[in-house]
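The primary structure of each chain is shown beneath.
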Amino acid sequence: MAAAKELLQMDLYGLLGLEETASEKEVKKAYRQKALTCHPDKNPDNPKAAELFHQLSQALEVLTDAAARAAYDKIRKAKKQAEERTQRLDEKRKKIKLDLEAREREAEAQSAEEVKITRTLEEEIGRLREEGSRQLQEEQRLIKEQIQREREMKQYGVSTPPGALGGERSDSNMTPKLKLKWKSKKDDETNGGYSHEFLLSLLQKYGDVLNVLVSRKKKGSAVVEFATFKGAELAYRNEMGLTGNPLKISWLEGRPEATATESYRQSADGSFRPVQGSLSSERDYESVVLMRMRQAAERQRLIEEMQREDEEEKLAAQA
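Please read these numbers as outputs of a predicted model, since none were measured by experiment.

## A look at the packing of aromatic side chains
Think of a pair of aromatic rings as described by two things: how far the centres are apart, and how the planes are tilted against each other in angle.
Item 1. In total, this model carries 4 aromatic pairs according to the counting rule given.
Item 2. Residues tyrosine 13 and tyrosine 72 carry aromatic rings whose centres are separated by 6.2 Å and whose planes lie at 40° to one another, so their mutual orientation is tilted. A residue pair is termed long-range when its members are at least 10 positions apart, and tyrosine 13 in helix 2 (residues 12–16) and tyrosine 72 in helix 5 (residues 66–155) qualify at 59 residues.
Item 3. Using a relative accessible area of 2% as the deciding quantity, one classes tyrosine 13 as buried.

Shown next as structure tokens:
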């Protein structure tokens, strides 16, 4: 009889084409049928026929002996259970492996997302720093403009107590603003001859103009914002606009207190305003030129002062 190890490598029931519950009679019948087909005498040219015939003989010997069959069945069952356990374990290991791979992919995706978020956060921080720097520069610019306005007010003797118009008080932090009116029909595409560009060119000769807002809803109306009180005052006193469509100028914000020597005339709308002259006179022209020269000198002085402060801050930081 073949060694036990060799028998365990074979499926004796499968070799005979039987179920494990087959009787001894069924085993012998199956053996005879199989043995007749693979007998070496009937298959002289097939070397595997002798080997198969030998295996069938081993199956007959084991499965027709009660003790040998019981031992074979017991070992075969234990082997089958071990294979099932291995299969379950393999499936569990496979599941664990798949779960691990899924977690690794998720971790990689999360890491990539964190990198993206971190990069976005760094970009936002950089943007905030840049905007903060721009805002700081803008605030410093506004402060220096305010200092310049206060110096001009002091230089020209302009004060801002409660005004004569309506008892309103001019805010020292306000930029001077003038309201402009002129005649214009609703369907007039030229707006009475006053465009944004024309108004800007018309008023810039008096001083720096920060903004010109031409009303879209109401024809013949605009607001101009000057950088200095003197520029606004000169425009208010002297600008007449187009000869065929003159301007009516009034203070909107930041009106300086009228001096005692000013003379007033009543306009067509019933309001009073200082008598306006023409910039064509030498005295008015010289006044504007001198004012612009003083403004340029003051701006240059402030620029140099800012540059000096920046250099001092850099030296202090390096120290």
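From this point, the narrative continues.
## Some thoughts on the sheet that holds strand 2 (residues 209–214)
Item 1. Taken in spatial order, the 4 strands of this open sheet run 2-3-1-4, and their pairing is antiparallel. Each edge of the open sheet is held by one strand with a lone partner, namely strand 2 and strand 4 (248–253). For this sheet, the mean inter-axis angle between neighbouring strands, taken without regard to orientation, is 20°.
Item 2. Relative to strand 3 (residues 221–226), strand 2 is paired through 5 bridges, and the arrangement is antiparallel.

## Focus: unusual backbone geometry
Item 1. Phi is positive for asparagine 191, which is not a glycine, with a value near 55°.
Item 2. Within the element layout of this structure, asparagine 191 appears in the loop between strand 1 (177–181) and helix 6 (196–203).
Item 3. Assessed through its relative accessible area of 8%, asparagine 191 is described here as buried.

## Thoughts on a positive patch on the surface
Item 1. Taken together, Lys181, Lys183, Lys218 and Lys248 make up a surface patch of like positive charges.
Item 2. Take lysine 183: it is sitting in the loop between strand 1 and helix 6.

## Focus on the nonpolar core
Item 1. Leu178, Leu180, Trp182, Leu199, Leu203, Val224 and Phe226 are the most contacted members of the largest nonpolar core, which has 20 residues in total.
Item 2. Elements represented by at least two residues in this core include exactly strand 1, helix 6, strand 2, strand 3, helix 7 (229–238) and strand 4.
Item 3. A total of 4 residues in this core trace back to one element, the largest contributor, which is helix 7.
Item 4. Residues contacting leucine 180, with those up to four places away along its chain left out, are Leu199, Leu203, Gly220, Ser221, Ala222, Val224, Lys248 and Ile249.
Item 5. Counting 17 residues, the second largest nonpolar core, distinct from the first, contains Tyr31, Ala59, Val62 and Leu63.

## Digging into helix 6
Item 1. Of all the positions in helix 6, only Leu199, Leu202 and Leu203 are classed as buried. The buried residues of helix 6 all sit within an arc of 85° when viewed along its axis, so they share a single face.
Item 2. Along its buried surface, helix 6 packs onto strand 1, strand 2, strand 3 and helix 7.

## Here we look at the confidence of the model for the protein chain
The predicted coordinates ought not to be read in detail in places where the model reports low pLDDT.
Item 1. Of the residues in the protein chain, 78% reach a pLDDT of 70 or more, and the chain-wide mean stands at 78.
Item 2. Note that residues 156–171 has pLDDT below 50 and, in this model, 22 contacts with residues that lie over four places away or in other chains.

## Considerations on the pattern of salt bridges
Item 1. Scanning the model with the defined rule gives 10 salt bridges in all.
Item 2. Shared partners join several salt bridges into a network, and the residues in it are Asp11, Glu20 and Arg76.

## Let's talk about a negative patch on the surface
Item 1. Taken together, the side chains of Glu309, Asp310, Glu311, Glu312 and Glu313 make up a negatively charged region of the molecular surface.
Item 2. Considering the arrangement of structural elements, one finds glutamate 312 in helix 8 (residues 282–318).
Item 3. On the basis of relative accessibility, which here comes to 53%, the residue glutamate 312 falls in the exposed class.

Here is what the cut-offs are and how they apply
- Residues numbered from 1 in each chain as written.
- Predicted model: local features only at pLDDT ≥ 70, side-chain atom pairs only at ≥ 80, totals over all residues.
- Heavy atoms only, no water.
- Phe/Tyr/Trp six-rings, centres within 6.5 Å; stacked < 30°, edge-to-face > 60°.
- Helix = DSSP H or I, 4+ residues; strand = E, 2+ residues; numbered from the N terminus.
- Buried < 20%, exposed > 50% of the residue type's maximum accessible area, 1.4 Å probe, protein only.
- Pairing = 2+ DSSP bridges.
- Axes fitted to C-alpha atoms, helices over the stretch in contact; angles between N-to-C directions.
- Patch = residues over 30% accessible without salt bridge, like charges linked within 9 Å, V, L, I, M, F, W, Y side chains within 5 Å.
- Areas by Shrake-Rupley, 256 points an atom, 1.4 Å probe, with all protein chains shown as cover.
- Salt bridge = Lys/Arg side-chain N within 4 Å of Asp/Glu carboxyl O.
- Lys, Arg positive; Asp, Glu negative; His and termini not counted.
- Charge placed at Lys NZ, Arg CZ, Asp CG, Glu CD.
- Core = buried A, V, L, I, M, F, W, Y, C linked by side-chain atoms within 4.5 Å.
- Contact = heavy atoms within 4.5 Å.
- Arc of directions from axis to C-beta.
- pLDDT = per-residue confidence, 0-100.

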